[in-house]
Each structure stands twice: as C-alpha cells, then as structure tokens.
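An overview of the molecular structure
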Amino acid sequence: MKQILFLGLFFISFTANSHNPEKLVISEIERGQLNFENETIAAEYSAALKRQRIRRLSAMSWSKKIYIFIKAGFEHIIPQGLDHILFVLGLFFSTLKLRSLILQVTAFTFAHSITLALAALGFVKLQLSVVEPLIFLSIVWVAFENTFFKKTTKWRPLVVFTFGLLHGLGFATLLTQYGLPKDNFISLLLAFNVGVEFGQFAVLLVAFILIRLIYLKTEYKNQLKIPASILIGCTGLFWFIESLI
Amino acid sequence: MKKLILISGLILMVSCQEKSKLDPNINPFFQDWTTPYEVPPFMDIKNEDYMPAFKKGMEENLAEIETIIKNTDDPTFANTIEELERTGKLLSKVQRVFSNLASSNTNPKLQELQRELSPMLSAHYDKIVLNEDLFNRVEEIWNNRESANLSKEQQKLLKDTRKQFVRSGALLNDSQKKQITEINSKISELSTEFGQNLLAETNGFELILNKSDLDGLSDAVISAASEAASQKMDQAESEDEKEKYKDKYVFTPHRTSMYPFLTESTRRDLREKLYNSYVMRGDNANETDNNDIAAQMAKLRAERANIMGYKTHADFILEENMLKTPDEVYDLLIQLWKPALKRAKAEVADMQAVADSEGKDFKIAAWDWWHYSEKVRKDKYDLDEAAIRPYLSLDNVIQGVFNTTNKLWGLNFKEIFDIDSYHPDARIWEVTDKDGSHLAIFIGDYFTRSNKRGGAWMSSFKGQSNLDGRERPIVVNVCNFPAPVGDNPSLLSFENAVTLFHEFGHAMHGILTDVTYGSMAGTSGPRDFIELPSQLLEHWVSEPEVLKSFATHYETGETIPDELIEKLLKAGKFNQGFINTEYLAASLLDMDWHTLSLQDAKNISNNFENNSMNKIGLIDEIAPRYRSTYFAHIFSGGYSSGYYSYVHAAVLDSDAFEAFKEAGDVFDPELSASLRKNIYEKGSTEEAMDLYVNFRGRKPIIEPLLKVRGLDGSSD
Ligand SMILES: [Zn+2]
C-alpha cells in the first residue's frame, strides 16, 4: 500500500519520484505549459520512426537486410511504381527490335543507377515535388515519340538516359526518406537497385509474354503501339497536371 | 501521394509486429497482458480507457481494504500487512502507465485527465490512510510485534506501514484531525499561489534593448534576443505595444535568457539591472509578492508539526530521512560551508585581479560574477564543449553505461524490436543477469520532443516483488537530449552524458532490486538516500579508463585524447566555490525556515532571510541559489527541509566511490558485489544508514566530496 501511496504522491506532484527535481522544477517554470502543435509532433514522430527503422535494420543479419532492400526495390516497381511501369512499357512499345529495346533499357538502368547513388550519397539533392512532375512528363514524352515518330531516332537512347537520371532521383528521394543504415550503406544501396532492376525486368517479361500469348507473333506488337502509347501518354499527362495542382 | 504508399509499404515490411492478443472491445486495463514481459500494450490503450480503469481500480482497491477489515480472525502480519501489499493491483497498473505517459508522451486529453484525477486520487488515498478500522488492525499487530516472530524485512514493512497512518494523523483526536485537514488545505492553496506569483514575476520583467546596447554579445545571443522581441511583437495586441518591440532585443529573468547576457555583456549597468530583476522576483511589494505567503506557510507547517507531536516542521520531515534530525543536517551543511565559502572568496579574488588588470575601477559585485568567471574559465580551465561532443554520440554513451554495469555486475542488454513502445524513440532493452536470467525490461527515451515534459527522470511501468512468485520490473529513463539533425547521430555534451549515467543509476536501483514486498522495492527509500545510486554511477563516466572505452569519434573512430580528458576533468572544478556556496546558502535558508518553533514562526521578521544569511557570513557577491520569494522547491514543490538532500547524497556517493579508488580498481569485483548486495538490491528494506554502513564499513565522511569538488584547497 505504501507503494500506492507513494505512487499517488508521485502522481500529484511529479517531483516526488527520483530524478533531478532541481532541473525539473526550473525547466517547468521556464517552459511553462506544454503547447501541442500537431504538425511538430507529427514531424518528430516520423523522424523517430525513421530512426527506429534504421536501428531495427542495423540489428538484422546482413543477408536479411539485403533481402529486404532487394524486395523494397522490386516493390517500388511492382506494385507501387505505376509511373515507372508505364515508362518501361513506353520503352517496350517503342520498338520491334530487341536490340534497340535492350539498348534503351540499359541506358535507362545505367542512368537511374547513377543518380540514385549520387543522391543517396548526398551529392545531389532535389525536392520530390520537382522530380515527380518531371518523371510524369518523361512518360508523356516517350509516349509522344512512340505515337508521332515513325522510327525511333538515334537520339532516343540519349533521351532515355536523361529521363533515367530523373527516375533515379525519384527512387533516391524515397530511399533517403526511408533511411539507409550507415554501416552497410553501399551494399544496401546496390541491393535496392538490384530490386528495381528485377522489377523492371519483370514488367518487360510479363509484357513480352502477354503479347506473345495474345498474338503469338511479335510483329503484331506494332498494331498495339499507338493505342497503348496514347493511353500511357494520357495517363502521364493526367498525373502531371494532378501533381501541379 | 502515391509515394507515401511506398514508404508505408516499407515500414510494414520491416516492422511487421506481433499483433497483441487483446480483445479490442474490452478496456485493455481490464485484460491480462500477454505481451512479452507484460510490457503495457501501448498501441491498444486509448485516451478514453484511463478514466474507467481508474474508477474501477479505486473501487476494487476499497473493496479489498474492506475485505481485510472484515476478516474476523485476529489481525496478523499475514492477513493484514501482507494482504495490504496485494491490494490496488488494477489501480497501480493504470496509474503507472498514465503517470508515465502524461509526462513523457502527453496530449491535451491526458493533461486534462491529470487535472481531473489529481483530487480524486488524493481523496481515494485519504480514505485508506484515514480508515480507523484498518489502522486499529495495524496498531494491534504493531503492539504485538515482539511475539510475532517477524523477519527483519517484515519488521521494517510493519514499521513503515504504521508510520504512514501515524504521519497522516491516525493517533490524533477528531478535533486535531480536523485542524490538520484545514492546515493541509491552506498550505496547498498557498503553495499554488506561490507558484503562480513566481511565474507572473518571472514573466513580468523584460529588458528591452536597442542595437547600441548589445556590447560584447555574441551573434547567437543577439539573434535569440531579437527573436524574443519579434515573438513579443506577434503577441502584442495594440500598435503601440508592437512599436515597443520593433527592432529591439529582449532579455528576461528566465535563466536561459539571463545567463548568456550576464556572461557576455560588457555593459555593467545592464547586467546589474537584469540580475536585480531576477533576485527580486516575488519581493517587489506588489500584488504578486511572496514574502507573506512564505511566512504564512512556515507558520502553518510549524503548527502542523506541533499537533503531530514534533517540535518543528523539519523534525517532522526528517524523521523519514537518512539524516534524522535538524542537528545532523546543520552539522553536515556547516562542515561543508566553511571550505565552500573559502573557495568562493578565492574565486572573487581571481576575478578582481582580472578586473584590475583591465584597468576597471570597481569592486566585483554579484552581477559581475558570470562575466568575470567566464574570463577566468577561459584563462585557467579552457575547454571547448564543441570539441567533446563528437566523441559522445548517444549510442556511444549508452554503450558506455551498459559496459560499466556489465563490468560491475555482469549485466547484459539486448535491444528488442518485436515489442511496441509508446513512441518510436522510446527504445526497449531486455536486461539479463550474469547467469543469463531475466532481470528487467529497460526503456530508454532520450530525445526531447514537444509532447514531453522538460528535465530527466526515472520511473517504472511495473514494480518488483517476490511476494507471489518472482516479478521483475519494467524501468524507464526519460531525458531531454537534443534530437539528431537529419541522418547525423545525436551528439551529447559531457553534462548530458553525466545525466544519462545519473538516470541510469536510478534505473539500476530499480532493476537490481530484489525484495519480497513491492512497496519497499527499488527507489522507495528516503529522499536524501535515493540520489546515492544515481549520483554514484556518475563517477564512472569521469573515469579516464571508462571514457576511453566508449568515447570514440563518430566520424573518425579515434578514441578521445588524454589531453581532452584532462581538460574535461579539470573543468569540473571550475567555479565550485560559487556553486557550492549558493547551494549551501539555500539549503541553510530552507532549514532555517523550517526549524522555527511555532512561537518564532508567529513573529517572523521582515529581515528573516538577511539575518539567516548574515549569521553564516554569506558574501555580497553571491545570493542563495534560491531566495525565499522564489524558492519554489520548498514553498511550492515537495522539498521543504529537503533541499540539502542533493549534497547529502553527494557526500555519500563521493565517499562510496572512494572505496573503489582505495581498492585501486574502479571495477573491484568484491566491492561491486557488496555494492549490489547492500545498496542496489535492498530498496528500503533496512534503514538507509545501516545499508550504507553495511557497504562501507563505517559512516560516511565529507573529505572525498571536498576533494572531488576541489574544495580541499587543491584549486587555490
Ligand atoms: Zn536523481
């Protein structure tokens, strides 16, 4: 019962428990009433969440961490990255030639890996609010090219490369918000990137298989090129406008 | 928007927590907690759950008391005292969660509940402690204690339980009881008023300066003052008032605003003005003057002590403490006073020498202290705070304190991620003993945030008891260290690191405790003793051997250099004359107020404080740490006749640590084991002085403290 009485006392005047009331009494007088600003509290909470995630990751085995980051990269494409899926499909419908497709996808991959790494390492910094509309515009442009240009230009890989730089920044803003543990920084960054490539590859594979199933012959892909591209372009345009509002 | 999905997706992946098995339709306090180690299911507890749980908890508690009273068997230790230990489980369950969260992770609803609950709970505990039938049973056991064959621990529990009743007035007649109740309510009103006046007085003065008045101030201080002025402008209601703050700089008697100004400003006239506004708070002969309130409270306290059968209020309070009488306290304070004052006078001489060398033609005054002591500090004790922080990342310091207790007692700590805490910054560790057995859960909540009270403290979510099986505690440390910026680690000051060790010392007291009866567990001991386990642990953080084991640079990994450690330890002796003198003066003032006989308390002179300070020879250059009119600890907090506790605990911890020094090993295995067995495990199962003597082999002496604080003549 003494304990309850003690607790009661502790409750009524908080200074009754063991801490340094010297500082407490003063800071109470200095700070006055706590004021609750929901925005501040929410910001503090999400910063704390990020710290917690990093601690949790740090406590995991290396292979578990790698697995998680590959999975995170993959999921960033499927199912969460509809914008990236559309972009990759835009590339898919642009050409009949496997070689050209591989060239474009490689340029894209190469580019977004560069910016992802640079941004994650803190060398480049861009707001998501700037990067995101530009990513949507890149979808629109690829679709536009597919629809109105008879043949893919020789500049196409360069254009795709530039767009890839943008998409990399998109991946990075999210990855840094999420937080990378310092001790395995490079390997986890790579793991995330590998996951992204898997996701991208899976999109292409599924698209390829579907087309084969529907038409059995790859040449028919061309008949789909324009309607599909228009659809992709309109969606991109819609997102772009939405992101500006 | 879409992007947010990704983030939440990742969170889910990593955090996939075990879902609690509670029934969402039933108040979580009414269910058994099946969480690991019975950690409260924080995520299931909603604001609305508290009040019904408190009400039911109080009801159940009273019903349990009723059952004890109704027992027709003769009162025995087992059927009364031990049964009392078992009462109030639900109330304690909800109260522990509530009082912790209302301080460390609060919201407007909890604050409101706190105001609502406070009178309800004090009425509830009054019902128990003023219950005559219950007291009669306790008294009967007490009277037959010789023949009851009780263990030492049981005897102490019986004594403590009875004392609770007696000190609440159980032995008084009805008219005396009524008087006590009246006095208590008057005292509580006065103490609230004292606090409100103090707040008004602290906020009531501001030093509004022009750009031309800022001589000596650093950019940081100037911008804070300018920020304060623009805040005032925002709050101003009229144009005239706005004009008053336009392009101005504001300083106030709040310590955070005043100390930087007193330290840096070269304008002596302005330092004097601001300093005086601080020391005159509550003493301005206006409607928020606290002189009369203090005198009235002293009188009421003396009156209450008389009714209770004590000569003075201090006698009444100290009976519960380790030092039992006012004489013992005075004796300690006066012993320390002389060397402290001597050192303070030497510090004045040092500062005067600096002023003279600058060609200044004045005698150092109280408002010059910060400015000139800073010059002495730079000259003699120069230590760059910023150079130390990189070695003290929070994770390093936590590792340091874990290593220390591992070396002392073989404890191990493992962070647990599959239990939900009340906030993502409140980390959970399992503490295991050297044989691997479970000891406790430790929660460390270190960063400051806007829904947390200021300060640092230790508390618990679950107590320890061996009464009905082995129950191990859940202990929490809450601090207010700066949160990290971005992805950088949180870097602590050395003072922060000391605070962390201090609170962890309390936590150890709560974690190592191993007693039968929960009410005597952990930190339940007297106030002038419970700071021993915490302050004692602080000594290890200052040991070069310990510092080097954890203080590595967060970027380079380099160990803290010896030269820096040396500077750091030397800096600890800076200004100790001042610090101790102002503290001891306030402690003596507190004692003087509360050793008044009722007769003297009825005729308190206006010069009470002056007389009291003249008697001990306090010099003009120093004011007591708190003057009477703003001594909130004793007139509005719970520290009357208790402000001396800190230095008493400091005497104990320095003397106790000296034992390790004498052994030549700060981790001496035999001493560590004895420290654990005699102090940290024992709670309040024995008289505090006995516990101490069991460890040290003798009563404490003050010399080690004088040495630690450089008051032994070594700094002169
Ligand atoms: Zn403490």
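We now turn to the structure provided with this report.

**What to know about the coordination of the zinc ion**
Residue and element names in this part refer to chain B. Only His502 (NE2), His506 (NE2) and Glu531 (OE) from the protein reach the zinc ion as donors, at distances of 2.1 Å. In primary-sequence terms, the residues that donate to the zinc ion follow H-x3-H-x24-E. Highlighted residues: His506 in helix α19 (residues 494-512) and Glu531 in helix α20 (residues 527-541), separated in sequence by 25 residues. Residues His506 and Glu531 agree in their burial class; the two are buried.

**Points about the pairing of strand β5 (residues 438-447) of chain B**
Residues and elements named next belong to chain B. Buried residues dominate β5, accounting for ten of its ten residues. As defined by bridge partners, strand β4 (residues 426-432) adjoins β5 across seven bridges and the pair is classed as antiparallel. Across the sheet, residue Ala426 finds its bridge partner in β5, namely Asp445. With six bridges connecting them, β5 and strand β7 (residues 474-481) associate as parallel partners. In the sheet register, Gly444 faces β7, and the bridge partner there is Asn477.

**Points about the packing of α19(B) against helix α28 (residues 669-680) of chain B**
Residue and element names in this part refer to chain B. At a minimum axis distance of 10 Å, the contact between α19 and α28 shows a crossing angle of 80°. Taken together, the axes of α19 and α28 are roughly perpendicular relative to one another. Taken together, the residues of α28 that come into contact with α19 (itself represented by Gly505, Met508, His509 and Leu512) are Arg676, Ile679 and Tyr680. Taken together, the residues of the contact of α19 with α28 break down into four nonpolar, two polar and one charged.

**Focus on the sheet that holds β4(B)**
Residues and elements named next belong to chain B. Pairing in this open sheet of five strands is mixed, and the strands run β3-β4-β5-β7-β6 from one edge to the other. Bordering the open sheet on either side are β3 (412-415) and β6 (457-462), each of which pairs with just one other strand. Pairwise comparison of adjacent strand axes, ignoring direction, gives a mean angle of 30° for this sheet. Along the sheet face, helix α4 (residues 89-104) touches β5, β6 and β7 and points at about 145° away from the line of β6.

Conventions used here
Every chain is numbered on its own, with residues counted from 1 as its sequence reads. Chain A is the first chain written and ligand 1 is the first ligand written, with later ones labelled in order. In view of the model being predicted, local features appear only for residues whose pLDDT reaches at least 70, and side-chain atom pairs are presented and counted only at 80 or more, with totals across whole chains, interfaces and linings using the full set of residues. Note that water and hydrogens are dropped before the side-chain values are worked out from all heavy atoms of the structure. Any nitrogen, oxygen or sulfur atom within 2.8 Å of a metal ion counts as a donor, with the limit raised to 3.2 Å for Na, K and Ca, and since water is left out, coordination shells can look unfinished. For the purposes of this entry, the term helix denotes a DSSP run of H or I that reaches at least four residues, the term strand denotes a run of E that reaches at least two, and both are numbered from the N terminus. Exposure categories follow from relative accessible area, calculated using a 1.4 Å probe and restricted to protein chains: below 20% of the type maximum is buried, above 50% is exposed, and the middle band is partly exposed. By definition, two strands form a pair when at least two bridges between them are found by DSSP. All axes here are fitted lines through C-alpha atoms, helices being fitted over the stretch that makes contact, and every angle between N-to-C directions spans 0 to 180 degrees. Oblique is the label for any angle not covered by the other classes, which are roughly parallel (under 35 degrees), roughly antiparallel (over 145) and roughly perpendicular (65 to 115). In this analysis, two residues are considered to be in contact whenever any of their non-hydrogen atoms come within 4.5 Å of each other. Residues are grouped as follows: Ala, Val, Leu, Ile, Met, Phe, Trp, Tyr, Cys and Pro are nonpolar; Asp, Glu, Lys and Arg are charged; all remaining types, including Gly, are polar.

These results come straight from atomic positions and should not be treated as a statement about function.
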